[in-house]
Structures are given as C-alpha cells and as structure tokens.
Amino acid sequence: YVLHKKQGAADILFAICMKKYNRIVFVSMNNTCMGPMAELLMKYITVHKDIEIISRGLIVLFPEPVNPKAIAVMRQKGIILDNRTSVPLTEEDIPEGTLILAIGNKEKEMVIETYAPDDLFTVSEFVGEAGEIPDPYGKEMDGYIECCESMIEWLKKVDNKLTMLENEQDDADV
C-alpha cells in the first residue's frame, strides 16, 4: 500500500491499521545528522521492544562521519554517536515488515520515486499529526538541541503508536 500526496488521513490510518513491524528504517537526506540521531534515540526509547532500528541516507556518495554538533547534542543525552558513517538506502534495507519513516516530505518523495515501498510515512504522518522535526542544518548548537528535543517528542509518539498497533495485533490473534 503506497501512500501518495493526495491520500488523506483515513487512507493513512487504513494503511497502518493492524500492522506489526520488525524493522524501522529512518531515512534522511545524507545520513549524517537527523537519521542517525533518530535511529539511536528510537533504540533508547524502544529498548523494551523487539524491533530492529537503522538509519539510511538517500544521497550518500561515500561514507561520511556524523555531524559534530549532532554528536555533541547526543552526548549530552548520554547517547554515543561517535565513529559512525553514513550508509545509503538500498532495496535490501526494506524487506517485508519494515516501517520506513522519512525525516521529511522531501525524503518521502525521493523514496517513492526510487523504491515505491508499502509502509512509508513521514514521522508526523505515522503518528497522525501535522508538523515536522526542525532541520538543524546550517544552524548553531541551539538548532541541534531544538531538533533533538523535538525528535524525542515525535519518537515517543511513534513508540506509542507502535505499542497500540502491537496491542491491536495481539487482540486480533486471540
């Protein structure tokens, strides 16, 4: 079930109803800031879940290190983001049972053009709310802190949605 711009909230709700995912892929533009931040924050938030979480980039010509400001902000949260490099998104990253969460609408559109996957949403679409995580690119440290704080709030909502979907699936299995 591929979602396109013209589909409404009811279509999105239908697409994710009764789903249980075993992998989440966060997709950002180059996998050097927001994608890796989302991956590691989500691993921390969902430590109680049996789900694989990775991040990938759409424009990765060669492995690049994570942005130093992103590393510093994550370190303040007690999460180590050092020694990571960008990884490109490939078809092998999105097998059946994968939830793809694009950091923003531009990333979502690029994923649709290349892969046309079944379970692709922006983070806000998945939780059924308007808005986006603020992009810190080109900003001072405060922009990265704001991004991280916003991302934590969005990812907690993603975790709640995943829990709701798991409970619905469990109820349906009984």
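Residues numbered from 1 in each chain as written. Predicted model: local features only at pLDDT ≥ 70, side-chain atom pairs only at ≥ 80, totals over all residues. Heavy atoms only, no water.

Undergrad: Give a detailed account of the state of the cysteines, specifying residues and quantitative values.
TA: Counted under the stated rule, the structure contains zero disulfides. With no disulfide of its own, C33 lies closest to C147 among cysteine sulfurs, the gap being 5.7 Å. Taking relative accessible area as the criterion, C33 reaches 13% and is therefore assigned buried. In this structure C148 is not part of a disulfide, and its nearest cysteine sulfur, from C147, lies 7.0 Å away. According to the relative accessible area criterion, C148 is buried, its value standing at 0%. (Disulfide = S-S within 2.5 Å. Buried < 20%, exposed > 50% of the residue type's maximum accessible area, 1.4 Å probe, protein only.)

Undergrad: Quick rundown of the sheet that holds strand β3 (residues 98-102)? Include the residues and the values.
TA: Spatial ordering of the open sheet is given by β2-β1-β3-β4, a layout of four strands whose pairing is parallel. The sheet is open, and its two borders are formed by β2 (52-57) and β4 (120-122), each paired with just one other strand. On average, adjacent strands in this sheet sit at an angle of 25° to one another, irrespective of strand direction. Here three bridges tie β3 to β4, and the two strands are oriented parallel to one another. (Pairing = 2+ DSSP bridges. Helix = DSSP H or I, 4+ residues; strand = E, 2+ residues; numbered from the N terminus. Axes fitted to C-alpha atoms, helices over the stretch in contact; angles between N-to-C directions.)

Worth remembering: the numbers are spatial, not functional.
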